[in-house]
Amino acid sequence: MRIIEILREIDKALLIGIGGGGDIVSTLIVGRFFELFDVECIYGGVVWERVSRDPKPGPRAIEEIENCQIINECLAWINKDSRINELKPIVAQVAEYLGREVVGVDITKGELGVRKSLEDFVKSESVDMVVGVDAGGDSLARGKEKNLCSPLADSIMLSALSKLPSILAVVGFGSDGELTRNELERYLSEIAKEGGILGVSILMKSEANELFEFVKYVATEASKIPIMAGMGYIGKYTIWSYYSIDVSILNALTFYIDIGVLLKFTPLPKAVENSKSIFKANERLHELGIKTELDLEIEWSKRNIG
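The following paragraphs examine the structure supplied in this document. Model, not experiment: these values are computed from the prediction.

### What about the packing of helix H5 (residues 152-161) against helix H11 (residues 278-287)?
Move 1: One way to put it is that H5 packs onto H11 with a least axis distance of 10 Å and a crossing angle of 105 degrees. The orientation of H5 relative to H11 falls into the category roughly perpendicular. For the pair H5 and H11, contact is made by Leu 152, Ser 155 and Ile 156 and by Ile 278, Ala 281, Asn 282 and Leu 285, respectively.
Move 2: In the contact of H5 with H11, the residues fall into five nonpolar, two polar and no charged.

Shown next as structure tokens:
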């Protein structure tokens, strides 16, 4: 079924940034498209700030967030005043921008906890579809890519979402620098061959201009690139001071993907299935020979604090 046909049949969607904390900004891009079809959108994202902002390695549990309303084991309503110690997480910045609460997702309890919490939320809030929103496209990774550095959050979330009425939205076409354009083109083509591409949308300049006024104050790069691309930026751009990527109008595209088809090509989500903690999920990826963002943050913390 095409994305347009899907959107005509649903009333409410939960849009979740599935990678680092900045991915929730990309849910705003997807939401603009969904709202053209009068779909009510609930926005949310994994609560995981970069270690340069939050010195504790790894994602945060909802019990560590001040001024939030806990929904269940892994979900909480986040508002503009929610804090992690003195830090205002990106989920709280998005709540302030929207003028309403968003959903913070805690992946410290592993795939099993996230899955059960989302199942309960979908039922209680009458959500028709959950959309995992990935900024950049590293959610398509197979595990052997040279620049892959943050597969853990995506794997946990994709595994959980695969048990729900859900799809994946890939925003930014390589804007995180983890998969090359050639890798993305090949992976998307392989998914298309299996009928897994549901459709594509593009961020228009007027919408990009408005979102840029917000995102320029947010500590995200992967979610900023598609907004810049929608405004017409073209050329090289350096993210996080070390990745140089090509940016063009292609980065303003969002690909909507059947998660079931995607899982035929990547072993990562299956590996973390039924994990009961972030550390157990991390060990499962180690068994595949994969280093994760949690490993990198622990190493960074030891160098700078130890």
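Anyway, onward from the coordinates.
### Things to note about empty space enclosed by the protein
Move 1: Tallied over the entire structure, the rule returns one cavity of 30 Å³ or more.
Move 2: Taken as a whole, the largest cavity spans an internal volume of roughly 50 Å³.
Move 3: Residue lining of the largest cavity: Asp 138, Ser 139, Ala 141, Pro 151, Asp 154, Ser 155, Leu 158, Thr 266, Leu 268 and Pro 269, and that is the complete set.
Move 4: For the lining of the largest cavity, the secondary-structure elements that each account for two or more residues are H5 and helix H10 (268-271).
Move 5: It is H5 that provides the largest number of residues to the lining of the largest cavity, a total of three residues.
Move 6: Looking at side-chain class alone, the lining of the largest cavity contains five nonpolar, three polar and two charged residues.

### Focus on the layout of surface pockets
Move 1: In this model, the largest pocket occupies a volume close to 720 Å³.
Move 2: If you trace the largest pocket, you find 34 residues lining it, with Arg 50, Ser 150, Trp 240, Glu 293 and Glu 297 closest to the centre.
Move 3: Going through the elements one at a time, strand S6 (129-135), H5 and helix H12 (293-305) are the ones with two or more residues in the lining of the largest pocket.
Move 4: Considering each element in turn, the lining of the largest pocket owes the most residues, six residues, to H12.
Move 5: Taken together, the residues of the lining of the largest pocket sort by class into 13 nonpolar, seven polar and 14 charged.

### Some remarks on the pattern of salt bridges
Move 1: Inspection of the entire model under this criterion finds 20 salt bridges.
Move 2: A salt bridge links Arg 60 to Glu 64; the shortest N-O distance between them is 2.9 Å.
Move 3: Take Arg 60: its relative accessible area is 7%, and that puts it in the buried class.
Move 4: Judged by relative accessible area, Glu 64 falls into the partly exposed class, the value being 24%.
Move 5: Salt-bridge contacts for Lys 270 lead to Glu 273; the nearest nitrogen and oxygen are separated by 2.9 Å.
Move 6: Relative accessible area serves as the criterion here: at 60%, Lys 270 is assigned to the exposed category.

### Observations concerning the environment of Lys 270
Move 1: The topology assignment puts Lys 270 in helix H10.
Move 2: Lys 270 sits 114 residues away from Ile 156 along the chain, and the two C-alpha atoms are 8.9 Å apart.

Procedures and definitions
- Within each chain, residue numbers correspond to sequence positions counted from 1 in written order.
- Per-residue local features of the predicted model are confined to residues with pLDDT of at least 70, and side-chain atom pairs are confined, for both listing and counting, to 80 or more; whole-chain, interface and lining totals are unaffected and use all residues.
- No hydrogens and no water enter the side-chain calculation; it runs on all heavy atoms of the structure.
- Axis definition: a line fit to C-alpha positions, over the contact stretch in the case of helices; interaxial angles, taken between N-to-C directions, run 0 to 180 degrees.
- Going along the chain from the N terminus, every DSSP run of H or I of four or more residues is numbered as a helix, and every run of E of two or more is numbered as a strand.
- Angle categories are assigned with fixed cut-offs, so that under 35 degrees is roughly parallel, over 145 is roughly antiparallel, 65 to 115 is roughly perpendicular, and the rest are oblique.
- Contact between two residues is taken to exist if any of their heavy atoms lie within 4.5 Å; hydrogens are not considered.
- Amino acids are sorted into nonpolar (Ala, Val, Leu, Ile, Met, Phe, Trp, Tyr, Cys and Pro), charged (Asp, Glu, Lys and Arg) and polar (every other residue, Gly among them).
- Detection works on a 1 Å grid of protein atoms alone, calling trapped sets that fit a 1.4 Å probe cavities and calling open sets with protein on both sides within 12 Å along at least five of seven lines pockets, with lining residues defined by an atom within 4 Å of a point.
- Grid points are joined across faces, edges and corners, and a volume is the space filled by probe spheres set on the points.
- Any Lys or Arg side-chain nitrogen found within 4 Å of a carboxyl oxygen on Asp or Glu counts as a salt bridge.
- Think of it in three bands: with a 1.4 Å probe and only protein chains considered, a residue is buried below 20% of the maximum accessible area for its type, exposed above 50%, and partly exposed in between.

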